[in-house]
Amino acid sequence: MTLPKPENMPLSHSPTIQTLIQTINYLSQYQIGALLIIERQIPLTEQDALRPGVPLKLPLTQDNLVRIFRPSSPLHDGATQIRGQEIIAAATLLPLSCQPLPRRYGTRHLAALGISEQVSSCIGVVVSSETGRITLTHKGSFNNNLTLPQLQIYLQQLLLPPTTESLP
């Protein structure tokens, strides 16, 4: 996926994207490892996961996501599933990709890539616990070392409907 120039992309007012960007910024700064799976048109099913997560029905907020990913949380291992403005599950174990990734990428990255290969409508976002670096996966593509503005552009492209400018 090719990114447009940041100056050509209007800032999103989507509460989902704003919450995700704020949360990922915090997790990245404090090097708190995270794997978020953002569902789009087709939700994940129990058959898509190696082990379904703990069902949740929490509003999508930075506080809720940070609580889940704190290392002391029993839900921090595995993926957290997001559907719209809701956190629907945590501690979900996902299939790993068979693509060869450099050793610096761990299980979270392989799981995000694996689920994006298997379910083309979902987006994986990984925050490295070792470096704080951000990776996005979608349809088997792996976009690593993203800045927050780059991540925001990707999320806008993938989550928001295309806008059509009115003709004069």
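Owing to the predicted nature of the structure, the values given are computational and were not obtained by experimental measurement. (Residues numbered from 1 in each chain as written. Predicted model: local features only at pLDDT ≥ 70, side-chain atom pairs only at ≥ 80, totals over all residues. Heavy atoms only, no water.)

Undergrad: Explain the layout of surface pockets here, please?
TA: Gaps left between atoms are located by rolling a probe of water-molecule size over the structure's atoms. What the second largest pocket holds in volume is close to 200 Å³. Every residue lining the second largest pocket is counted, 13 residues in all, and those nearest its centre are Glu46, Pro52, Gly53, Gln81 and Ala89. Elements with a contribution of two residues or more to the lining of the second largest pocket: strand 3 (79-83) and strand 4 (86-92). Classifying every residue of the lining of the second largest pocket by side-chain character gives six nonpolar, four polar and three charged. (1 Å grid on protein atoms, 1.4 Å probe; cavity = no way out; pocket = protein on both sides within 12 Å on 5 of 7 lines; lining within 4 Å. Points joined across faces, edges and corners; volume = space filled by probe spheres on them. Helix = DSSP H or I, 4+ residues; strand = E, 2+ residues; numbered from the N terminus. Nonpolar A, V, L, I, M, F, W, Y, C, P; charged D, E, K, R; others polar.)

Undergrad: Honestly, the packing of aromatic side chains in this entry has me stumped. Any pointers?
TA: In this description, a pair of aromatic rings is defined by centroid distance and the angle of the planes. Tallied over the full model, the rule gives two aromatic pairs. Relative to Tyr30, the ring of Tyr26 has its centre 4.7 Å away and its plane inclined at 40°; by these criteria the two rings are tilted. Using a relative accessible area of 53% as the deciding quantity, one classes Tyr30 as exposed. Summarising the aromatic geometry, the rings of Tyr105 and Phe142 are spaced 5.0 Å apart at their centres and angled 85° between planes, so their arrangement reads as edge-to-face. On the criterion of sequence distance, the pair formed by Tyr105 in the loop between strand 4 and helix 3 (107-118) and Phe142 in strand 7 (residues 141-146) is long-range, its members being 37 residues apart. You can call Tyr105 buried: its relative accessible area is 11%. (Phe/Tyr/Trp six-rings, centres within 6.5 Å; stacked < 30°, edge-to-face > 60°. Buried < 20%, exposed > 50% of the residue type's maximum accessible area, 1.4 Å probe, protein only.)

Undergrad: Can you walk me through helix 1 (residues 15-29) in this structure?
TA: Along an α-helix, residues three or four apart share an orientation, since each turn contains 3.6 residues. A rise of 1.5 Å per residue sets the reference length of helix 1, with its 15 residues, at 21 Å; its end C-alpha atoms lie 21 Å apart and thus fit the reference within 8%. Its buried side turned inward, helix 1 meets strand 1 (34-39), helix 2 (62-69), strand 3, strand 5 (123-127), strand 6 (134-138) and helix 4 (148-159). Residue Gln31 follows helix 1 closely and has a positive phi angle near 50°. (Expected span 1.5 Å × (residues − 1). Contact = heavy atoms within 4.5 Å.)

Undergrad: Even after reading the chapter, I still don't get the environment of Lys57, so can you show me in this structure?
TA: When you line up the elements, Lys57 lands in strand 2 (residues 54-59). In the structure, Lys57 is positioned 32 residues away from Ala89 in sequence and 7.5 Å away in space, judged by C-alpha atoms. The contact partners of Lys57, leaving out residues within four places of it in the chain, are Glu86 and Ile87.

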